[in-house]
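Take a look at the letters that make up each chain.
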Amino acid sequence: VASWARAPEQWWSFSQPPLSSALRYYYLVQIAANLESAIAMLLGLLGGRAKDRPMLIHHATTLFVISLAWRLGFVRVGAMVAMLHDATDLPIDCLRLSQALESFPLVAASATSALISWASLRGYAFPRLIIWSALVDTGNMWIVHDYAPFHIITTGYCLFVAPLVILWLLSMHW
């Protein structure tokens, strides 16, 4: 999986690696976690917690991207989106835990690692590796699908790229 980051142009090819059982389970766990989070945020929003709206949009969009990537066979894209999000969630969870423990050194270390991971992975790697790749390395889709009407290809393309941009913008919002 780590080798995928070195060749993002392969993420959008029609010859994707087979979905291993470990990666299939990872996809299922990600789909379940994002579905549960989206439902929890929706219930919070319906209960009057307006601050849950961005998180609801985030989890619903992540669920859409991962499910669509799995369904369309873009295994690498969905896995990288999930992995980049997981890698930044871990320091944030450590920050919450250290706050609950009321340990200032742990809070400082967790906050520092959260800021570094957020800036490097969501601020740089996500747009550079995933969104840029979607914009630049998808020319093969327009050639391979020359039998399909232009508006169908454009709609499908926008349905994949727009949620990626929404995820990035929400990450920058926080």
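A few points on the structure. As the structure is a prediction and not an experimental result, all values here were calculated from the model. (Residues numbered from 1 in each chain as written. Predicted model: local features only at pLDDT ≥ 70, side-chain atom pairs only at ≥ 80, totals over all residues. Heavy atoms only, no water.)

### Considerations on helix H4 (residues 104-136)
Phase 1 of the analysis: Taking 1.5 Å of rise per residue, 33 residues should cover 48 Å, and H4 covers 44 Å from first to last C-alpha, within 8% of that figure.
Phase 2 of the analysis: The largest bend along H4 reaches roughly 45 degrees and is located at Ala125, with the proline Pro127 sitting one to four residues downstream. (Helix = DSSP H or I, 4+ residues; strand = E, 2+ residues; numbered from the N terminus. Expected span 1.5 Å × (residues − 1). Bend = angle between axes of the 7 residues up to and from the residue.)

### Digging into the packing of helix H1 (residues 21-46) against helix H3 (residues 75-100)
Phase 1 of the analysis: Following both chains from N to C, one finds H1 and H3 inclined at 60 degrees, their axes separated by 11 Å at the closest point. It follows that H1 is oblique to H3 by the angle criterion. Classified by chirality, the crossing of H3 by H1 is left-handed. Contact with H1, carried on its side by Leu23, Tyr26, Tyr27 and Gln30, involves Val75, Gly78, Ala79, Ala82, Met83 and Asp86 of H3 and no other residues of that element. (Axes fitted to C-alpha atoms, helices over the stretch in contact; angles between N-to-C directions. Parallel < 35°, antiparallel > 145°, perpendicular 65-115°, else oblique. Left-handed = near helix turned anticlockwise from the far one by under 90°. Contact = heavy atoms within 4.5 Å.)

### Section: the pattern of salt bridges
Phase 1 of the analysis: The full count for this structure, using the stated rule, is 3 salt bridges.
Phase 2 of the analysis: Here Asp89 and Arg122 are joined by a salt bridge, their closest N and O atoms 3.0 Å apart. Taken together, the residues span a long stretch of sequence, with Asp89 in helix H3 and Arg122 in helix H4 at a distance of 33 residues.
Phase 3 of the analysis: With relative accessibility at 31%, the residue Asp89 sits in the partly exposed group. (Salt bridge = Lys/Arg side-chain N within 4 Å of Asp/Glu carboxyl O. Buried < 20%, exposed > 50% of the residue type's maximum accessible area, 1.4 Å probe, protein only.)

### With respect to the packing of helix H2 (residues 53-72) against H3
Phase 1 of the analysis: Close contact between H2 and H3 brings their axes to 7 Å; oriented N to C, the two are set at 150 degrees. Here H2 is positioned roughly antiparallel relative to H3, judged by the angle of their axes. Crossing hand, H2 versus H3: left-handed. For the pair formed by H2 and H3, the contact residues are His58, Thr62, Val65, Ile66 and Ala69 on the first element and Val75, Gly78, Val81, Ala82 and His85 on the second.
Phase 2 of the analysis: Grouping the amino acids of the contact of H2 with H3 by side-chain chemistry returns 6 nonpolar, 4 polar and no charged. (Nonpolar A, V, L, I, M, F, W, Y, C, P; charged D, E, K, R; others polar.)

### Regarding the packing of aromatic side chains
Phase 1 of the analysis: Counting across every chain of the model gives 1 aromatic pair.
Phase 2 of the analysis: Centre to centre, the rings of Tyr27 and Trp70 are 5.5 Å apart; their planes meet at 45 degrees, and the pair counts as tilted. Placement of Tyr27 in helix H1 and of Trp70 in helix H2 is noted, with a sequence separation of 43 residues between them. (Phe/Tyr/Trp six-rings, centres within 6.5 Å; stacked < 30°, edge-to-face > 60°.)

### A short note on the nonpolar core
Phase 1 of the analysis: Residues Leu23, Tyr27, Val81, Phe126, Ile130, Phe160 and Leu164 are the most contacted members of the largest nonpolar core, which totals 28 residues.
Phase 2 of the analysis: Elements with a contribution of two residues or more to this core: H1, H2, H3, H4 and helix H6 (150-173).
Phase 3 of the analysis: In terms of residue count, H3 provides more of this core than any other element does, 7 residues in total. (Core = buried A, V, L, I, M, F, W, Y, C linked by side-chain atoms within 4.5 Å.)

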